[in-house]
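Topology and contacts: notes
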Amino acid sequence: MKPNHRAVWRTAAVSLTAVLYFVLIHGCTNKEKPGDASAQKPNIVVIYMDDLGYGDVGAYGTTVLETPNIDALASGGIRFTDGYATSATCTPSRYALLTGRYPWRNEQARILPGTAPLLIDTARTTLPKMLKARGYHTGIVGKWHLGLGDGNVDWNGHISPGPNEVGFDHAHIMAATQDRVPTVYIENGYVVGLDPDDPIMVDYQNNFEGEPTGKDNPELLTMKWHHGHNSSIVNGIPRIGFMKGGESAKWSDIDMADHFLAKAQAYVKEHRDGPFFLYYALPQPHVPRTPHPRFEGATGMGPRGDVIAEADWVIGEFMQTLEEEELLENTLIFFSSDNGPVLNDGYYDDAVEKLGEHTPWGPLRGGKYSLFEAGTRVPFIVYWKGKIEPAVSDALVSHLDIYASLAALVGSDQNGPDSQDLLDVFRGKSGQGREELVIEATSRTAYRKGNWVMIPPYKGPTVNTQVNIELGNSDVYQLYDLDADIGQQVNLADTHPEKLKEMLEGYKRIRGEQGAAKELVLE
Ligand code: NG6
Ligand code: CA
């Protein structure tokens, strides 16, 4: 043993001398050295899904759907069990992600029509602006849904303000959702592929004369609407809102996943010398679910399952591009979803009929639109090859915190008002997440502190019968111990008055007496 020991130490001493010598000769060029600015500025990618549920991913427990590429991120990174979107719908969640500000602080932060003005005040600091100020090139590819222009957009001219005015150097987006007009891609303020002789007109109130609609022309439909979604027809699919013209610019729904993937890959390649920030907002599995034919039938679960399989493939391709460009070790990746799952969100697409054993909400109660856990608790993964030790974390984290944590990473003193620096938690160096969090669902709010959740009384239906989701409304206070009861089955408000009082106080402290009073007093 002894000679061996000596040999090992001799080798170590020689190596150490070599390293010291190298550092002396080459100075501080080593990228790993603390204090070296380049070590603090990895590329950053946020992969953001649309309506992907807590239970829709293999890494979060489904054995029915296969998501090998998302699972690889989870098993190679930190998988958060208690990661939250700020809202149970899209616009407010995206607003909070980009501003680090609770969406309920902005009354307009609700699901927006395709003609809504830009929701983010251009004077406000944002995540992309903060990174831009630290030398990043910033890009968005995919779903925007945060409003465009000033409320009176000419879709045939320069559409502004938009992503470019809130911090993105490059933007290749859809304006709102796949089910809302205008059904065109917009790049840096201009509709892509527009023929000036066939101008686009969009209206959310009135149809354009002579244009068919889902309501009046069922014979033209390839996908039938269940509720809403009965206005203009594009590619056989009835949408929300009316649109005329722009024929050459209309997107192909079945090619959308490939289209955004190609744009995201091109962005990475173009900015490979970095640092870059890419917000890659995938449209899956939001309605209308339109998998490319090569994914049709991939899961036996109908289009909802198939577009999740498609999205997983897309993510695998995207990761491969990072690898081929030799960027994986220098790219910090967040993966999450804007809100929880929904099956029937307005089209007949077999999501309910072909669900089988799959539970998109996992062990949680509720879904999209709900104040119960499945509305906002979502898959949440942080991956950085070689820099983050794989682990599962039950720290409480929110999309809100990405802003402050990245500011800390890149050495910025900018911050979103409700964002917390959880950089060490995201890198797996600490298990201490947030202490408390307000969650939101269609303008109602609830409060989580520690393992407890308090939902104040709300009027209104307990179930949205169109989508068949429990909303969390009740005429009494609800208090749940998530440690013992993750499915929120046992309301402890009556038996734990002290806890309820403590929760109410914490809630009011964040929400303000006035904001809280809106819900706390039942008329
Ligand atoms: C709802 C739509 C739903 C979906 C949602 C937005 C109807 C009846 N329902 O109003 O289909 O588009 O808005 O989803 O129109 S989100 O993920 O962008 O928030
Ligand atoms: Ca969504």
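Residues numbered from 1 in each chain as written. Chains lettered and ligands numbered in written order. Predicted model: local features only at pLDDT ≥ 70, side-chain atom pairs only at ≥ 80, totals over all residues. Heavy atoms only, no water.

1. Things to note about the sheet that holds strand β7 (residues 190-191)
Stated precisely, the cut-off is as follows: At least two DSSP bridges between two strands are needed for those strands to be called paired. Counting from the N terminus, the helices are the DSSP runs of H or I reaching at least four residues and the strands are the DSSP runs of E reaching at least two. The criterion used for residue contact is that any of the two residues' heavy atoms lie within 4.5 Å. Every axis in this analysis is a line fitted to C-alpha atoms, fitted for helices over the stretch in contact. Angles between the N-to-C directions lie between 0 and 180 degrees.
The 10 strands lie next to each other as β7-β6-β5-β4-β12-β1-β13-β14-β2-β15, forming an open sheet whose pairing is mixed. Strands with a single pairing partner mark the edges of an open sheet, and in this sheet they are β7 and β15 (391-393). Sheet topology places strand β2 (residues 78-80) next to β15; 3 bridges connect them, and they run parallel. Note that in β15 the partner of R79 across the bridge is V392. Across the sheet, helix α3 (residues 90-99) touches β1 (43-49), β4 (137-143) and β12 (276-281), and the angle it forms with β1 is around 170°. Relative to the sheet, helix α8 (residues 401-410) contacts β1, β13 (331-337) and β14 (380-383), its axis offset from that of β13 by approximately 175°.

2. Describing the coordination of the calcium ion (ligand 2)
This is how it is decided: A donor here means any N, O or S atom no more than 2.8 Å from the metal (3.2 Å for Na, K and Ca); water is not included, so a site may seem to lack partners. Between 85 and 135 degrees for all angles marks four donors as tetrahedral; over 155 degrees for opposite donors together with 65 to 115 for all other angles marks four donors as square planar and six as octahedral; every other arrangement is irregular. Exposed residues in this analysis have more than 50% of their type's maximum accessible area, buried residues have under 20%, and partly exposed residues fall in between, with area computed by a 1.4 Å probe over protein chains only.
Summarising the metal site, the calcium ion (ligand 2) is bound by the protein donors D50 (OD), D51 (OD), D338 (OD), D338 (OD) and N339 (OD1), whose distances to it range over 2.2 to 2.7 Å. Bound by 6 donor atoms, the calcium ion (ligand 2) shows angles of 51 to 173° at the metal and therefore irregular coordination geometry. In the primary sequence, the donor residues of the calcium ion (ligand 2) line up as D-D-x286-D-N. Owing to a relative accessible area of 2%, D50 belongs among the buried residues under this scheme. For D51, a relative accessible area of 1% gives the class buried.

3. Here we look at the pairing of strand β22 (residues 478-481)
Where burial is concerned, the two faces of β22 agree: the one with Q478 and Y480 and the one with L479 and D481 are both buried. Pairing of strand β19 (residues 452-455) with β22, which is carried by 4 bridges, proceeds in the antiparallel orientation. Following the sheet pairing, V453 is matched in β22 by Y480.

4. What to know about helix α5 (residues 256-270)
Using the following cut-off: Between the first and last residue of a helix there are one fewer steps than residues, each counted as 1.5 Å, and that sum is the expected span. Within this analysis, the arc is defined by the directions that extend from the helix axis to the C-beta atoms.
Taking 1.5 Å as the rise per residue, α5 with 15 residues should run 21 Å; its terminal C-alpha atoms sit 21 Å apart, in good agreement. For α5, every residue scored as buried is listed here: M256, A257, F260, L261, A264, Q265, Y267 and V268. The arc enclosing the buried residues of α5, seen along the axis, measures out at 160°, which places them on a common side. On its buried face, α5 is in contact with β4, β5 (170-174), β6 (185-187), β12 and α6 (302-324).

5. Let's talk about the side chain of D50
Examined against the element boundaries, D50 turns out to sit in the loop between β1 and α2 (68-76). D50 has contacts with R94, K143, L282, P283, Q284, P285, H286, S337 and D338, leaving out every residue within four places of it along the chain.

6. Description of the nonpolar core
For clarity, the threshold we go by: Remark: nonpolar core denotes a set of buried residues (Ala, Val, Leu, Ile, Met, Phe, Trp, Tyr, Cys) joined through side-chain atoms within 4.5 Å. Marked domain ranges trace back to an automatic or database domain assignment.
Grouped together as the largest cluster of nonpolar side chains are 102 residues, with contacts concentrated most on W144, L278, Y279, Y280 and F318. There are two domains that each give this core at least three residues, and those are domain 1 (43-190 + 252-436) and domain 2 (201-244). For Y279, the residues in contact, after removing those within four places along its chain, are V46, Y48, R94, L97, L98, G139, I140, V141, K143 and F168. Listed in part, the 31 residues of the second largest apolar core include L437, Y480, L504 and Y507.

7. Quick word on the pattern of salt bridges
Here is the rule: Think of a salt bridge as a Lys or Arg side-chain nitrogen and an Asp or Glu carboxyl oxygen that are within 4 Å of each other.
Counted according to the given criterion, the structure contains 29 salt bridges. One salt bridge in this structure joins D50 and K143, with 2.5 Å as the shortest N-O distance. Here K143 lies in strand β4 and D50 lies in the loop between β1 and α2, a separation of 93 residues in the sequence. The exposure class assigned to K143 is buried, which follows from its relative accessible area of 0%. In this structure, D349 engages R289 in a salt bridge whose closest nitrogen and oxygen atoms are separated by 3.0 Å. Residue D349 is located in the loop between β13 and α7 (373-376), and its partner R289 is located in the loop between β12 and α6; the two are separated by 60 residues in the primary sequence. Accessibility assignment for this pair places D349 and R289 in one class, buried. Within this structure, D50, R94, K143 and D338 form a network of salt bridges that share partners.

8. Looking at unusual backbone geometry
Across the chain, the bulk of peptide bonds are trans and the bulk of non-glycine residues have phi less than zero. Omega for the peptide link from V181 to P182 comes to 0°, which places this bond in the cis form. Within the element layout of this structure, P182 appears in the loop between β5 and β6. The omega angle of the peptide bond from V287 to P288 is -10°, so this bond is cis rather than trans. Position of P288 relative to the elements: it lies in the loop between β12 and α6. Positive phi outside glycine occurs at E326, with the angle close to 60°. Overall, the relative accessible area of 67% leaves E326 in the exposed class.

9. Examining the site of ligand 1
This is how the line gets drawn: Here a residue is near a molecule or strand as soon as one of its heavy atoms is found within 4 Å of it. Whenever two N or O atoms come within 3.5 Å, that pair is a polar contact, provided that in protein one can donate a hydrogen and the other can accept it, and provided that, for residues adjacent in sequence, both atoms are side-chain atoms. Areas reported here follow the Shrake-Rupley algorithm with a probe of radius 1.4 Å; residue values treat only the protein chains shown as occluding. In this count, Pro and Cys sit with the nonpolar residues alongside Ala, Val, Leu, Ile, Met, Phe, Trp and Tyr, while Asp, Glu, Lys and Arg are called charged and the others, Gly among them, polar.
The environment of ligand 1 is formed by 20 residues, the closest being C90, D179, R180, D345 and K368. At 3.3 Å from an oxygen atom of ligand 1 is found a side-chain nitrogen or oxygen belonging to H145. Considered on its own, ligand 1 offers 450 Å² of accessible surface; in the complex 86% of this is hidden by protein. Counted by class, the shell around ligand 1 contains 5 nonpolar, 8 polar and 7 charged residues.

10. As for the domain arrangement of the protein
The following threshold applies: Defined in terms of a 1.4 Å probe, buried area is the accessible area two parts forfeit on being brought together, summed over both.
The domain boundaries assigned to the protein delineate domain 1 (43-190 + 252-436), domain 2 (201-244) and domain 3 (437-520). Taking only C-alpha atoms, the centre of domain 1 and the centre of domain 3 are 26 Å apart. Summing both partners gives a buried area of about 2,900 Å² for domain 1 against domain 3, and 57% of it is carried by carbon and sulfur. Of all residues in domain 1, W104, L371 and E436 give up the largest surface area on contact with domain 3, accounting jointly for 30% of the area buried on that side. Between the two partners, domain 1 and domain 3, sit 3 salt bridges. Taking the shortest distance from any N to any O, the salt bridge between R509 and E436 comes out at 3.1 Å. Our enumeration of links across domain 1 and domain 3 arrives at 15 residue pairs in polar contact (both at pLDDT 80 or more). Its residues assigned to classes, the side of domain 1 that touches domain 3 comprises 15 nonpolar, 9 polar and 12 charged.

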